[in-house]
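Fold and geometry: a report
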Amino acid sequence: MEIQEARKRLDSSARVAVLTGAGISAESGVPTFRGAGGLWEGFRPEELATPEAYARDPEKVWRWYAARYRQVMQAEPNPAHRMLAQLERAKGDGFLLVTQNVDGLHLRAGSRRVVELHGSLTRARCERCGHRQPLPPPDAFEPPPLCERCGGRMRPDVVWFGEFLDAELLARAERAFMTAEVALVIGTSAVVEPAASLGRIAKSAGAYLIEVNPEPTPLTPLADLSLRAGAAHGLGRLLPDDAGTREEAE
Ligand code: OAD
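Only a predicted model underlies this, so the values are computations on that prediction, with no experimental measurement involved.

About the cut-offs
- Residues numbered from 1 in each chain as written.
- Predicted model: local features only at pLDDT ≥ 70, side-chain atom pairs only at ≥ 80, totals over all residues.
- Heavy atoms only, no water.
- Helix = DSSP H or I, 4+ residues; strand = E, 2+ residues; numbered from the N terminus.
- Phe/Tyr/Trp six-rings, centres within 6.5 Å; stacked < 30°, edge-to-face > 60°.
- Buried < 20%, exposed > 50% of the residue type's maximum accessible area, 1.4 Å probe, protein only.
- Lys NZ or Arg CZ within 6 Å of the ring centre and 35° of its normal.
- Expected span 1.5 Å × (residues − 1).
- Arc of directions from axis to C-beta.
- Contact = heavy atoms within 4.5 Å.
- Polar contact = N/O pair within 3.5 Å; in protein donor to acceptor, adjacent residues only side chain to side chain.
- Near = heavy atom within 4 Å.
- Areas by Shrake-Rupley, 256 points an atom, 1.4 Å probe, with all protein chains shown as cover.
- Nonpolar A, V, L, I, M, F, W, Y, C, P; charged D, E, K, R; others polar.

1. Notes on the environment of G110
Relative to the elements of secondary structure, G110 occurs in the loop between α6 (105-108) and β3 (114-116). Taking the C-alpha atoms as reference points, G110 and E59, 51 residues apart in sequence, are found 33 Å from one another.

2. Some thoughts on the packing of aromatic side chains
Applying the stated criterion across every chain yields a total of five aromatic pairs. Judged by centre distance (5.1 Å) and plane angle (85 degrees), the rings of W64 and Y65 are edge-to-face. The interplanar angle of 90 degrees and the centroid separation of 5.8 Å between the aromatic rings of Y69 and F141 together place this pair among those described as edge-to-face. With Y69 in helix α4 (residues 58-74) and F141 in the loop between β5 (132-134) and β6 (154-158), the pair connects residues that are 72 residues apart, well separated along the chain. The class of F141 is buried, set by a relative accessible area of 2%. Among the aromatic residues, those joined into a cluster by ring pairs are Y54, W64, Y65 and W160. If you follow R155 out to its NZ or CZ, it ends over the ring of W160, 3.8 Å from the centre.

3. Here's the deal with helix α7 (residues 167-179)
For α7, spanning 13 residues, the distance from its first C-alpha to its last is 18 Å, which sits close to the expected 18 Å at 1.5 Å a residue. Of the positions making up α7, those classed as buried are L170, A173, A176 and F177. End-on, the buried residues of α7 take up no more than an arc of 125 degrees, which puts them together on one face. The exposed set on the far side of α7, more than 90 degrees from its buried face, consists of A167, E168 and R175. Structurally, α7 contributes buried residues whose contacts are with β1 (16-20), β2 (95-99), β7 (182-186) and α8 (197-204). Near the N-terminus of α7, the side chain that reaches the backbone nitrogen of E168, with its oxygen 3.0 Å away, is that of D166.

4. Things to note about the site of the ligand
Around the ligand, a shell composed of 22 residues is seen, among which E27, R34, T188, S189 and N213 lie nearest. At 3.2 Å, a backbone N or O of Q100 approaches an oxygen atom of the ligand. The protein chains hide 88% of the 790 Å² of surface that the ligand would expose on its own. Taken together, the residues of the shell around the ligand sort by class into nine nonpolar, ten polar and three charged.

Have a look at this one:
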């Protein structure tokens, strides 16, 4: 059976690269971007998530990001986040988790080898000197934050439409997927580049490609195994039984 083959490959591979999208946080109550009830439904992203929108009305953009920050801080990592933290501990140096999510839930679940490709709602970046700092706790947070280094105004530390990804982070992600023996793609519609290409890169370099998503995506035809399942259920079928059930010792 394909599922047994996938379990065996995951278990025996030293180099595993994982890509996650909004779907992995759906079970924590964080809305996805596309589809019914999605974050972009009823919104034109360019009114909020672009450098032009921010230049036009920084207060409005900050209000939206502050509300999303509060929302993700109320959410808790779910078993799927914890199972990936556990997989990282099992694999060590050969593991990399690349996420498109800006909710910080992988870090809160204990993952450390993480590339946050689209930034994080939990940080701000100085417009003047580029310094990054965590936002204060939601209760104490009044946007816009000011830079602790230079006093400059700070913007959300997320990648907006029309902006480039951090080149170093992207290179690290691409290296991991190019050299992975197993690539695992979870909860992404696989339509936003360049993240969407990571699975393809791995597959063309010879990796065994596994997808976990309740819906088919453009990556599905390429996958060696595509599990039509939610993230936690799908990962539970792929990983050893005790993965994710242990509480994290931070
Ligand atoms: P999307 O909202 O495009 O897709 C979410 C995916 O999660 C869909 O394929 C769903 O089928 C799947 N899904 C839903 N529930 C799930 C569950 N319980 N378990 C697993 N999967 C589930 O989100 P992303 O692909 O992450 O970029 O979107 C990519 C980027 O588009 C985001 O990072 C954001 C957005 O524009 C930026 O903000 C730069």
